[in-house]
Amino acid sequence: MTPEDLLKAKGIKYNYSCGDFLVKCLNPEHEDSNPSMRVDRLNGHFNCFSCGYKGSIFRLFDITPNLVHQRSLQIKKKIEKLREKPLNMPLGYTDFDKEFRGIKPSTFAEFKAFTTDRINEQDFEGRVIFPIYDHFGQIISFIGRNMFSELPPKYLVYPKGRSMPIFPPDVKPINGSLILVEGIFDLINLYDKGLTNVITGFGISNITTSRLMPYKMSGVSKIFIFFDGDKPGRVAAKKAFEELKNTFIVDYDSLVLPEGKDPGDLTLEEVSAILSYIKNWFDINLVIML
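Residues numbered from 1 in each chain as written. Predicted model: local features only at pLDDT ≥ 70, side-chain atom pairs only at ≥ 80, totals over all residues. Heavy atoms only, no water.

**Here we look at the overall build of the protein**
This is how the line gets drawn: Helix numbers and strand numbers start at the N terminus; a helix is a DSSP run of H or I with at least 4 residues, a strand a run of E with at least 2. Only protein chains enter the calculation, and the probe is 1.4 Å; a residue is then buried if its accessible area is under 20% of its type maximum, exposed if over 50%, and partly exposed in between. Whether two residues are in contact is decided by their heavy atoms: any pair within 4.5 Å suffices. Only the protein chains shown count as cover for residues, with accessible areas throughout obtained via the Shrake-Rupley method and a probe of 1.4 Å.
A tally of helices and strands in the protein yields eight helices and 18 strands. In the protein, buried positions account for 46% of the 290 residues. Considering only residue pairs separated by 6 or more positions, the protein has 55% of its internal contacts joining residues 24 or more positions apart. On the protein, roughly 15600 Å² of surface is accessible, and the fraction owed to carbon and sulfur atoms is 53%.

Here it is in structure tokens:
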């Protein structure tokens, strides 16, 4: 029996998300109104991004997994990864040279932002788009944000289903530290206002110790987790802390935002205060409340 077979047999509704399954949390103590649990399509391991409940659906339901099927899928996944080809900028794109959400045109230019109606067969009209690079300087994906609406889908990724990296790949730390944020506009806004040691994980599911090891090897010792100020953001920050704490010095409760605010909203004065705190990390013991 495969993970998908088991979900079907138990009548558990699921959606596909980045090659895995997204379901409502299986924790009986968690009333999950929106699906927040990811189930690995290969081995059936699950993890709820909201409450932290994790385990294996096979152990949960006392079922023996199909190990041969798991192994064949693992091999297929590795082959698919090897076949992934770097991308090129789409034909007919236009450099994005406007101020947007309080961010200067020069900052968008640094991140090579652009607009276009389509990327291959995918509609990107009305979106500001960023090429996402790997450590070799190759474009591995594009992510576009809707400029005129907050309604879903606010963000689109091309190619669909492609796993996102930690971005940007090359960042100069401040006092050996990086700031980890959730989204691309959190990163862009902080960078625009002078905080340049920022990386994004494009969501908590992409934040793993192995993905951050290249930064460790380049001299990063501390990670400040700086997520949205709402409850999901705080839960995700704690989860990221648990994932990274054995490899980095991790601080997830010094940079705290109030409910309803995120790093993409911060003003120059607020970001300058954070920069001052980071530069004096060894000298002060202050919780910044914005």
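Next comes the rest of the description.
**Section: the sheet that holds strand β5 (residues 54-56)**
For the record, the criterion: Should DSSP find at least two bridges between two strands, the strands are taken to pair. Inter-axis angles, ranging from 0 to 180 degrees, are taken between N-to-C directions of lines fitted to C-alpha atoms, where helices are fitted over the stretch in contact.
Taken in spatial order, the five strands make up an open sheet running β1-β2-β3-β4-β5, and their pairing is antiparallel. A single partner strand is all that each edge strand has here, and the edge strands are β1 (15-17) and β5. Direction aside, neighbouring strands of the sheet carry axes that sit 30 degrees apart on average. The pairing of strand β2 (residues 20-23) with strand β3 (residues 37-39) spans three bridges and is antiparallel. Bridge pairing links Phe21 to Val39 in β3.

**Overview of the packing of aromatic side chains**
We count it as follows: When the centres of two rings from Phe, Tyr and Trp lie within 6.5 Å, Trp using its six-membered ring, the rings pair. Their planes under 30 degrees apart give stacked, over 60 give edge-to-face, and anything left gives tilted. In this scheme, the term charge over a ring applies when either NZ of a lysine or CZ of an arginine sits within 6 Å of the ring centre and within 35 degrees of the ring normal.
Going through the model one piece at a time under the given rule, you end up with 14 aromatic pairs. Both rings, one in Phe96 and one in Phe108, keep their centres 4.9 Å apart while their planes meet at 80 degrees; by these two values the pair is edge-to-face. One end of the pair, Phe96, is in the loop between β6 (94-95) and α4 (105-110); the other, Phe108, is in helix α4, with twelve residues separating them in the sequence. Assigned by exposure class, Phe96 and Phe108 land together as buried. Over the ring of Phe248 we find Lys216; its NZ or CZ atom is 5.4 Å from the centre of that ring.

**Some words on the pairing of strand β4 (residues 45-48)**
Here β3 runs beside β4; their pairing, made up of three bridges, is antiparallel. Across the sheet, Arg38 pairs through a bridge with Asn47, a residue of β4. Connecting β3 to the next strand, β4, in antiparallel fashion are five residues, including Gly44 with a positive phi near 80 degrees. When β4 meets β5, the two strands line up antiparallel, connected through three bridges. If you follow Asn47 over to β5, its bridge partner there is Lys54. The antiparallel hairpin formed by β4 and β5 contains five residues in its connecting segment, where Gly52 sits at a positive phi of about 85 degrees.

**Observations concerning the sheet that holds strand β16 (residues 249-251)**
What the four strands build is an open sheet, ordered β14-β13-β15-β16; its pairing is parallel. Taken across any chain shown, the strands that pair with only one partner, and hence form the sheet edges, are β14 (198-200) and β16. Pairs of neighbouring strands in the sheet enclose a mean axial angle of 30 degrees, with direction left out of account. Pairing of strand β15 (residues 222-225) with β16, which is carried by three bridges, proceeds in the parallel orientation. Across the sheet, residue Phe224 finds its bridge partner in β16, namely Asp251.

**Some points on the pairing of β2**
Bridge count for β1 against β2 is three bridges, and the pairing is antiparallel. Note on β2: the bridge partner recorded for Tyr16 is Phe21.

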